[in-house]
There are 2 protein chains.
Amino acid sequence: MSARAGIVVTGTEVLTGRVRDANGPWLADRLLELGIELAHITICGDRPEDMAAQLGFLREQGVDIAITSGGLGPTADDLTMEVVARFAGRSLHHDAEIERKIAAVVGPLTRRWRNVDPEAVAAGTRKQAQVPEGAAVLDPVGTAPGAVVPPAGSDGPTVVVLPGPPRELQAMWPAAVATPEFHAATGGHTSYRQQTLRLFGMPESEIAETLRVAERDVRGFGELEITTCLRRAEVEVVTRYEPAAAPAWHALLQLISGRHADTLFSTDGTTIDEQVAKLLDGRRIGLAESCTGGLMAARLTELPGSSGYVLGGVVSYSNDAKTSLLGVDPALIERVGAVSPEVADAMADGALARFGADTAVGITGVAGPGGGTEAKPVGYVCICVKTADGRVLARDPRLPGDRTEIRDRSTTVAMHMLRRLLLGG
Amino acid sequence: MSARAGIVVTGTEVLTGRVRDANGPWLADRLLELGIELAHITICGDRPEDMAAQLGFLREQGVDIAITSGGLGPTADDLTMEVVARFAGRSLHHDAEIERKIAAVVGPLTRRWRNVDPEAVAAGTRKQAQVPEGAAVLDPVGTAPGAVVPPAGSDGPTVVVLPGPPRELQAMWPAAVATPEFHAATGGHTSYRQQTLRLFGMPESEIAETLRVAERDVRGFGELEITTCLRRAEVEVVTRYEPAAAPAWHALLQLISGRHADTLFSTDGTTIDEQVAKLLDGRRIGLAESCTGGLMAARLTELPGSSGYVLGGVVSYSNDAKTSLLGVDPALIERVGAVSPEVADAMADGALARFGADTAVGITGVAGPGGGTEAKPVGYVCICVKTADGRVLARDPRLPGDRTEIRDRSTTVAMHMLRRLLLGG
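Counting starts from 1 at the beginning of each chain's written sequence and moves along it residue by residue. All chains are assigned letters beginning at A, and all ligands numbers beginning at 1, according to the order in which they are written. The model is predicted, so local features are restricted to residues of pLDDT at least 70 and side-chain atom pairs to those at 80 or more, both for listing and for counting; the totals for chains, interfaces and linings are taken over all residues.

(A) The arrangement of the overall build of chain A in detail. Numbering of helices and strands starts at the N terminus; helices are DSSP runs of H or I of at least 4 residues and strands are runs of E of at least 2. For chain A, the count of helices and strands is 16 helices and 17 strands. For the C-alpha atoms alone, the extent of chain A along its principal axes is close to 80 × 65 × 40 Å.

Here you go:
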């Protein structure tokens, strides 16, 4: 029986969607690594009664550990320590050592700004040095300390109180896990394995049918916890199981590999971005983009080390730029239109030549919402991938979605075309 | 007293963070427009007992309406309709008309793919046509119908069942709101107003101090619900209030405008992106990017209509590209280094010249994680914004954060520099 956990994310800015929560997902991965089962994530605003209700819900659900993120800042709407102390049946006290540590962090930060009121800063620091008695206090990474707070009685989960900014939360996590309080609450858990498969170029219903076949044919299928989802136009299949169910996992992998050989591109958890990065190692790529407006170059340069193989890119949003920076013949644009397989091809040629690259991608399309015609509707995108030694792959799909989705999916299609061309498939 | 709502997001892929939830935030905005107060968002995996527990929690919290998203797909882990029917005390029945409507949507979709098993598709369609008796059924937008399900007894919230894909959920929402069942559950609500202020170039503690002053000096301050947060290096202050509290809001606005005149850039809800787009109207901009790898061009072309003023950009990741595509003197790079205010300036000049632009941005920096030195550490970024008629603004901040944050913040700083230069401030 593994330990169970719940996460409480606080902050009206998260509840109302002005800020996207990155902490729930990150903590979910960490819990999985520890073999702790995550049952619930709840999000509330800055109202203490709503946060208290959510902690109460997690207690009723019998979780062993509750993790809160956010609400530790210097402003008056940051009430987490107070709510958690009350929940755990503990009082708040002022921790002078922690106040000194916070002041040591806040001081240099404050000097970066002009005209900061020192009294405002001191008031914030005093507030942040209030922690529950009997809790393990975690040193601040930013300006806010965290805490691991066991229940004062025997009932209820131990609460891990972490700051909202993802960098601070992530840096503080190891210290939280290392406390005896954390260990006491979660000790004796079993470990899980997790495997991720990724497929590209088929609808989700196909994998659903394969899972129905697996339910019939794979021995021990019931021991596998499988979820499927569509993500950036790829189908992702994630399987979680206890070590004893490994044979069932291998049988499932064999079944999926057999039925979806042409669309299954990742069985080891690697993403298409990582695979393309590896294939580009030792090569030199140049990009020529129109409708994606730089997203393809930004995607390729997202990974550290990409300066080893990305020479650069041209965003040729205007026809003039296609001609002056990529050498696309204006007569060609006149004849077949800026959004055409021919122009995508000429853009890729231009990128090869102008950057002295050995690999290039040309993308031109109609991202919308305006600019579509019957022959070239919104979502029509022409992509050409080629190498200096003459290998070419061209596609002109009509992609679904709105402007943002069409731009993003165009880069996904281009990534998979790059993979295919560079693998020589 | 306004109606209260809760949102239940289902899906192991969301719980475990492989997919980010976009539905909670979107629904939060819609509820606000309707004057319905959102109290809780909860996220669970594909386990029916966890979803039932979360619905039970919302019932205990006395919400009038619970909205679920996800779990309506054709696969076996999609159990929402079943769980909601049981929660509402209603049985599932097969709806033949809905099955025909689903089949009409699924048919053409299926023909886009090769080798699709028609029996798999039919099984999925049959499953998706199971709906709770006594509920208002919402026609499918994708392949899944939704429902508005009142409780069979008098107790508990009405449940609005919506699909997981954001596009489908958003398209189905008006039909859900239009049902008599929705109206009966939420009728008689008060309306709220919401105002957003945005500031750039100061720490969050400054606004906290201003709010402490406001608490003392602004009459009716207690009637304002204020949240502050840091977002993409900007401070956002959102204030919600009932119409009667408008004078307090205006007093607060005056106080903030007075204390933060040099950093307050938006009082009408507009984003920096929208403001820059407006300022660029009638102009022609070219970009020259190194460490941001195309993100600045991608950000400027994210808004529809940007082809009217974005000519294009060069991502000059290699020094050769800086020289060949932007005309940066290699001797300059040799002398002062590729990451330097001088090279950022020369890149902007190159963008002006090569694109025939009247406005240009040059960005070069150390995004990390490698490549930092003592003089030019990770996060050091040089940005130059200039116009063809000779106005120039240059900055070389050291930005905090990891590679992704440094790249993103660089574009935010550049956006604010563009705004300042084009406003002539």
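(B) Structural view of the interface of chain A and chain B. C-beta atoms are placed from the backbone for every residue, and two residues are taken to be in contact when these atoms lie within 7 Å. Listed as interface residues are 82 residues of chain A and, on the opposing side, 82 residues of chain B. Throughout, the ten residues Ala, Val, Leu, Ile, Met, Phe, Trp, Tyr, Cys and Pro are labelled nonpolar, Asp, Glu, Lys and Arg are labelled charged, and all others, Gly among them, are labelled polar. Its residues assigned to classes, the side of chain A that touches chain B comprises 38 nonpolar, 27 polar and 17 charged. Both strand β14 (residues 310–316) of chain A and strand β14 (residues 310–316) of chain B contribute to a ladder of five bridges, which runs antiparallel. By the bridge assignment for β14(B), Gly312(A) is matched with Ser316(B). In this description, strands pair whenever DSSP reports at least two bridges between them.

(C) Region of interest: the environment of Gly35(B). As for its placement among the helices and strands, Gly35(B) is situated in the loop between α2 (23–33) and β2 (37–44). For the pair formed by Gly35(B) and Ala122(B), sequence separation is 87 residues and the distance between their alpha carbons is 41 Å.

(D) Up close: unusual backbone geometry. Residues and elements named next belong to chain A. In this structure, proline 369 follows glycine 368 across a cis peptide bond, with omega equal to 0°. Following the sequence through the fold, proline 369 ends up in the loop between β15 (359–365) and β16 (381–387). The residue alanine 233 is not glycine, and still its phi comes out positive at about 75°. Along the chain, the position of alanine 233 falls in the loop between β10 (225–231) and β11 (234–241).

(E) View of the relation of the copies chain A and chain B. Between chain A and chain B, which share one sequence, the superposing operator has a rotation angle of 180° and an axial displacement of 0.0 Å; the RMSD is 0.1 Å. Both copies of the chain, as the preceding transformation shows, are related through a two-fold rotation axis. The share of interface residues of chain A whose copies in chain B are also at the interface is 100%, consistent with both copies meeting through the same surface. Copy-to-copy alignment: least squares on C-alpha atoms, limited to residues at pLDDT 70 or above in both.

(F) Representation of the sheet that holds strand β9 (residues 193–200) of chain B. All names here are of chain B. Taking strand neighbours across the sheet as the criterion, the four strands line up as β10-β11-β9-β12 in an open arrangement whose pairing is antiparallel. In the strand order of this sheet, the two ends are held by β10 (225–231) and β12 (264–266), each with one partner. Here the strands of the sheet are splayed against their neighbours by 30° on average, with no regard to which way each runs. Two elements, β9 and strand β11 (residues 234–241), share eight bridges in a ladder whose sense is antiparallel. Looking across to β11, one finds that leucine 197 is bridged to valine 237. Think of each axis as a best-fit line through the C-alpha atoms, taken over the contacting stretch in the case of a helix, with angles from 0 to 180 degrees between the N-to-C directions. Its contacts with the sheet put helix α9 (residues 204–217) on β9, β10 and β11, and the angle it makes with β10 is roughly 165°. Sheet strands in contact with helix α10 (residues 246–259) are β9, β11 and β12, and its direction is about 165° off that of β11.

(G) Local environment of the packing of α2(B) against helix α7 (residues 166–177) of chain B. All names here are of chain B. The interhelical angle for the contact between α2 and α7, taken along N-to-C directions, is 20°, at an axis separation of 10 Å. As the angle between them shows, α2 and α7 are arranged roughly parallel. Here α2 and α7 pass one another in a crossing that is right-handed. Between α2 and α7, the residues in contact are Asn23, Trp26 and Arg30 and Pro166, Leu169, Gln170 and Trp173, respectively. Residues that form the contact of α2 with α7 fall into these classes: four nonpolar, two polar and one charged. With respect to orientation, any angle under 35 degrees is reported as roughly parallel, any angle over 145 as roughly antiparallel, any angle of 65 to 115 as roughly perpendicular, and every other angle as oblique. Helix crossings fall into two classes, left-handed where the near helix is turned counterclockwise from the far one by less than a right angle and right-handed where it is turned clockwise.

(H) Structural context of the packing of α9(B) against α10(B). Residues and elements named next belong to chain B. At a closest axis distance of 10 Å, the pairing of α9 and α10 adopts a crossing angle of 140°. By the angle class used here, α9 and α10 are oblique. Relative to α10, the crossing made by α9 is right-handed. Between α9, through Thr210, Val213, Ala214 and Asp217, and α10, the contact on the second element is made entirely by Leu252, Leu255, Ile256 and Arg259.

(I) Summary view of the nonpolar core. Core analysis: the biggest nonpolar cluster contains 257 residues, and Ala348(A), Ala351(A), Val361(A), Ala348(B), Ala351(B) and Val361(B) have the highest contact counts within it. Setting aside its immediate chain neighbours within four residues, Val361(B) contacts Leu287(B), Ala288(B), Met296(B), Ala348(B), Val385(B), Ala414(B) and Leu418(B). By our criterion, buried Ala, Val, Leu, Ile, Met, Phe, Trp, Tyr and Cys residues that link up through C-beta atoms within 7 Å make up a nonpolar core. Counts of 20 or more other C-beta atoms within 10 Å of a residue's own C-beta define buried residues, counts of 12 or fewer define exposed ones, and intermediate counts define partly exposed ones; C-beta atoms are placed from the backbone.

(J) Quick look at helix α13 (residues 319–326) of chain B. Residue and element names in this part refer to chain B. For α13, every residue scored as buried is listed here: Ala321, Lys322, Leu325 and Leu326. Viewed end-on, α13 has its buried residues packed into an arc of 105°, placing them on one side of the element. Looking one or two residues past α13, glycine 327 carries a phi angle of roughly 70°, positive in sign. For this quantity, the arc is that covered by the directions from the helix axis to the C-beta atoms.

(K) Looking closely at the pairing of strand β2 (residues 37–44) of chain A. In terms of residue burial, β2(A) counts as a mostly covered element, since seven of its eight residues are buried. Looking at chain direction, strand β1 (residues 4–10) of chain A and β2(A) are connected through seven bridges and run parallel. Looking across to β2(A), one finds that Gly6(A) is bridged to His40(A). One ladder, built from five bridges, connects β2(A) with β2(B); its direction is antiparallel. Bridging from a neighbouring strand, Ile43(A) pairs with Ile41(B) of β2(B).

(L) Representation of the sheet that holds β2(B). Pairing within the open sheet is mixed, and its 12 strands lie in the order β6(A)-β7(A)-β8(A)-β3(A)-β1(A)-β2(A)-β2(B)-β1(B)-β3(B)-β8(B)-β7(B)-β6(B). In this open sheet, the two strands that pair with only one neighbour each are β6 (136–138) of chain A together with β6 (136–138) of chain B. Taking each pair of neighbouring strands and ignoring which way they run, the sheet shows an average axis angle of 15°.

(M) Quick look at the domain arrangement of chain A. Domain annotation for chain A reports domain 1 (4–186), domain 2 (198–269) and domain 3 (273–423). Centre-to-centre separation of domain 1 of chain A and domain 3 of chain A, based on C-alpha positions: 45 Å. Domain limits in this description derive from either an automatic procedure or a database domain assignment.

(N) Expanded view of the pairing of strand β3 (residues 65–69) of chain B. All names here are of chain B. Most of β3 sits inside the fold, with five of its five residues counted as buried. Because side chains alternate across β3, one face comprises the buried residues Ile65, Ile67 and Ser69, and the other comprises Ala66 and Thr68, equally buried. Of the strand pairs in this sheet, strand β1 (residues 4–10) and β3 are connected by five bridges, and their pairing is parallel. Of the residues in β3, the one forming a bridge with valine 8 is threonine 68. Judged from the five bridges that link them, β3 and strand β8 (residues 158–162) form a sheet pairing that is parallel.

(O) Representation of the environment of Ala367(B) within the structure. Residues and elements named next belong to chain B. Mapped onto the elements, alanine 367 comes out in the loop between β15 (359–365) and β16 (381–387). When the C-alpha positions of alanine 367 and cysteine 291 are compared, they lie 6.0 Å apart, and in sequence the two are 76 residues distant. Excluding residues within four positions of it along the chain, alanine 367 makes contact with Cys291, Arg403, Ile406 and Arg407.

(P) Expanded view of the confidence of the model for chain A. Summary of the metric used: pLDDT quantifies the predictor's per-residue confidence within the range 0 to 100. A residue-level look at chain A finds 97% of positions with pLDDT of 70 or above and a mean pLDDT of 91. Note on the complex model: pTM 0.76, ipTM 0.74.

(Q) How the structure looks around helix α10 (residues 246–259) of chain A. Residue and element names in this part refer to chain A. Expected span, for any helix, means 1.5 Å times one less than how many residues it has. If you check α10, its first and last C-alpha atoms are 20 Å apart, about what 14 residues at 1.5 Å a residue would give, namely 20 Å. Taken as a whole, α10 has its buried residues at Trp249, Leu252 and Ile256. Taken around the axis of α10, the buried residues stretch over an arc of 65°, which confines them to a single face. The exposed set on the far side of α10, more than 90 degrees from its buried face, consists of His250, Gln254, Ser257 and Gly258. Close packing links the buried residues of α10 with β9 (193–200), α9 (204–217), β11 and β12 (264–266).

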